[in-house]
Amino acid sequence: MNQTEVTLQHIRVARERIAGKVERTPTVLSQSLSDRAGHPVHLKLEHHQTTGAFKLRGASNAIAALSPEERSRGVVAASTGNHGRALAHAAKLEGMRAVICMSRLVPENKLDAIRRLGAEIRIVGNSQDDAQQQVDRLVAEEGLVMLPPFDHPDIAAGQGTLGLEILEQIPDAASVLVPLSGGGLTAGVAAAVKGVSPATKVVGVSMSRGAAMKASLDAGRPVQIEELPTLADSLGGGIGLDNRLTFAMCRELLDDVILLSEDEIAAGIRHAYEEEREIVEGAGAVGIGALLAGKVTAKGPVVAILSGRNIDMSLHRRIVCGDAALTERPT
Ligand SMILES: *Cc1c(COP(=O)(O)O)cnc(C)c1O
């Protein structure tokens, strides 16, 4: 076995490490989705996780795995979204320095959210690449430790703790629907689920507009594709042409990948709000969207992971009101 691969054992260690630092989130039965599907559909309410997304699991585990010497140096990442929030929160809890690098184009509200969590913010350049260059500089010059959002064994193992919880809550799950971008969540959850229950299917769900992992799996190697605006903004971005971990794990462990149009993602957000009384961001709604679109072929109990809730509320309002302009872009 590839020695960089994340195993069930790593994930069990991660769970011990992050106990008390992250919430064990509930799984609830969705009556309306079960009625439609003809078998039980459960929702893993991970959007209620502290910081509003599962990313705190990976960040907490990666920070807990650092040596005392690395802790004294602090951590750094380029992220405008949920990973940045998670890292800032986890570092603060440990009394560590965290630096988050971002481009000038990042909106003020996202910047504030991370600053409020106590992280230092470095604003550089006009793109995510510029921000990453700043990260590399801080690693070289100030000795900070870089913790990337998905392609790292301790990050993926931390996300995998979600898979352990799901099978404890729903031991007879036939299929688990996982929002898929860089694949840290999918790799971790798949390793946990297949390790405990090999017959359970793990299905990734992405948006059609810029599904980098799907394109890479089809090509048989990591490929770069154009990044397009999408309602599932937390699923945007590439997997890295030098991907070391998550591509191989997704290739080995994933049973299927489902792609959704912008309309189908909006329908997922709307259903979560109106039928389940849950506010989720686009990335967190893709499992529900896939079920509503009739794209899930499972024959038994399904668990959909609601992965995050960090959506701009004026956008959320427009979506639940059915603003067609949001989804009329070609897909
Ligand atoms: C990061 C993120 C994902 C995707 O996770 P990957 O590990 O990059 O595949 C899904 N949903 C939300 C809310 C996220 O923040």
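Parameters at a glance
- Residues numbered from 1 in each chain as written.
- Predicted model: local features only at pLDDT ≥ 70, side-chain atom pairs only at ≥ 80, totals over all residues.
- Heavy atoms only, no water.
- Near = heavy atom within 4 Å.
- Polar contact = N/O pair within 3.5 Å; in protein donor to acceptor, adjacent residues only side chain to side chain.
- Areas by Shrake-Rupley, 256 points an atom, 1.4 Å probe, with all protein chains shown as cover.
- Nonpolar A, V, L, I, M, F, W, Y, C, P; charged D, E, K, R; others polar.
- Pairing = 2+ DSSP bridges.
- Helix = DSSP H or I, 4+ residues; strand = E, 2+ residues; numbered from the N terminus.
- Salt bridge = Lys/Arg side-chain N within 4 Å of Asp/Glu carboxyl O.
- Buried < 20%, exposed > 50% of the residue type's maximum accessible area, 1.4 Å probe, protein only.

What follows covers the site of the ligand. What surrounds the ligand is a group of 17 residues, the closest being Lys-55, Asn-82, Ser-181, Gly-183 and Ser-307. Gly-184 has a polar backbone atom sitting 2.9 Å from an oxygen atom of the ligand. Leu-185 has a polar backbone atom sitting 2.9 Å from an oxygen atom of the ligand. Computed on the free molecule, the ligand has an accessible area of 380 Å², of which 97% lies beneath the protein chains in the complex. Taken together, the residues that form the shell around the ligand break down as seven nonpolar, eight polar and two charged.

A few words on the sheet that holds strand S6 (residues 145-146). Within a sheet, adjacent strands bond to each other through the backbone by hydrogen bonds, running parallel or antiparallel. The sheet built from four strands is open, its strands ordered S5-S4-S3-S6 with parallel pairing. Only two strands of the sheet have a single neighbouring strand rather than two, namely strand S5 (120-123) and S6. Two elements, strand S4 (residues 98-102) and S5, share four bridges in a ladder whose sense is parallel. Of the residues in S5, the one forming a bridge with Ile-100 is Ile-121.

What the rule picks out here adds up to 17 salt bridges. Arg-71 serves as the salt-bridge partner of Glu-94, at 3.1 Å between the closest nitrogen and oxygen. Here the residue Glu-94 occupies a position in the loop between helix H5 (82-93) and S4, and Arg-71 occupies one in helix H4 (residues 68-73), the gap between them amounting to 23 residues. Relative accessible area serves as the criterion here: at 25%, Arg-71 is assigned to the partly exposed category. When the shortest N-O distance is used, the salt bridge between Lys-295 and Glu-264 registers 2.8 Å. With Lys-295 in the loop between helix H13 (286-292) and strand S10 (302-305) and Glu-264 in helix H12 (residues 262-274), this residue pair connects regions lying 31 residues apart in the sequence. On the basis of relative accessibility, which here comes to 32%, the residue Lys-295 falls in the partly exposed class. If you follow the salt bridges from partner to partner, you end up with Lys-44, Glu-46, Arg-57 and Glu-165 in one network.

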